Amino acid sequence: MTAHFDYFDKLQGLKESELRDEITMLNTKFYALVNDTPIRQQIGNMLDMARDQLNITVAQRQRKDEPEIMNIGEIEEKIETPDYTKQELITHFKRFYSGDKSSQNEGIDKPVTGSRKTTPTFITPVDRPVRRSSGKPDVGTIPVFGAKK
C-alpha cells in the first residue's frame, strides 16, 4: 500500500467500491467508540470526507453517462418586416389623428383628446363669480402675497 500524505489524498485515489468499503470500516469504528471523545470526532470527520468523496465520484460517473447536448427539437423563425413608404405612414397617421370622413369610413377610431371626460371644467368660487368686462373675463381682485390691506 502506498503511503499517503493525508487522508484526503488517500480518498482521491480510491474507486467507488473501495470508497464504500472505507465508509463501512469507518462506520464500524465510529459506533464502537464512546461518545464525545476526540478520536470519535476525528473518525466522524474522516467519515464525512469519505461520504463527500463518494458523492463526487458517483456524480462524475453519472455525468459521463449523460449526453453533453440535449436535443429539445427545432425552432423555425420567420421575421416579417413590412416595408412602408414614407407617404403611407404619413397618410395613416393623418387619418388616425384627424378623424376625417375617410378615416371614419375605414373604421379607424379617433383618439380621445379634449373631450368632457378628459378636460376638467372651469371652476369658479361661488363667492367670486366671473364677470365680463369688454369681452374679457374679470376674475376680481387677486390677492398679492405680502400686500397690506
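Please refer to the structure higher up on the page.
This write-up is about the structure you can find in this document. (Residues numbered from 1 in each chain as written. Predicted model: local features only at pLDDT ≥ 70, side-chain atom pairs only at ≥ 80, totals over all residues. Heavy atoms only, no water.)

### Things to note about the overall build of the chain
Along the backbone of the chain there are five helices and two strands. Each helix and strand of the chain, placed in order from N terminus to C terminus, yields the pattern α-α-α-α-α-β-β. Per-residue burial for the chain yields a buried fraction of 15% across its 149 residues. Accessible surface for the chain amounts to roughly 14000 Å². Of this, 55% is attributable to carbon and sulfur atoms. (Helix = DSSP H or I, 4+ residues; strand = E, 2+ residues; numbered from the N terminus. Buried < 20%, exposed > 50% of the residue type's maximum accessible area, 1.4 Å probe, protein only. Areas by Shrake-Rupley, 256 points an atom, 1.4 Å probe, with all protein chains shown as cover.)

### Digging into the pattern of salt bridges
Applying the stated criterion across every chain yields a total of five salt bridges. Between Glu 22 and Lys 10 there is a salt bridge, with its nearest N and O atoms 3.7 Å apart. On the criterion of sequence distance, the pair formed by Glu 22 in helix H2 (residues 16-32) and Lys 10 in helix H1 (residues 7-13) is long-range, its members being 12 residues apart. For Glu 22, a relative accessible area of 10% puts it in the buried group. The partner of Glu 80 in a salt bridge is Lys 78, and the shortest N-O contact between them spans 3.5 Å. Comparing Glu 80 with Lys 78, the two get one shared label, exposed. Several salt bridges converge on common partners, so that one network encompasses Glu 16, Arg 20 and Arg 61. (Salt bridge = Lys/Arg side-chain N within 4 Å of Asp/Glu carboxyl O.)

### With respect to unusual backbone geometry
Notably, Asp 36 is not glycine yet its phi reads approximately 60°, a positive angle. With respect to the element layout, Asp 36 can be found in the loop between H2 and helix H3 (38-65).

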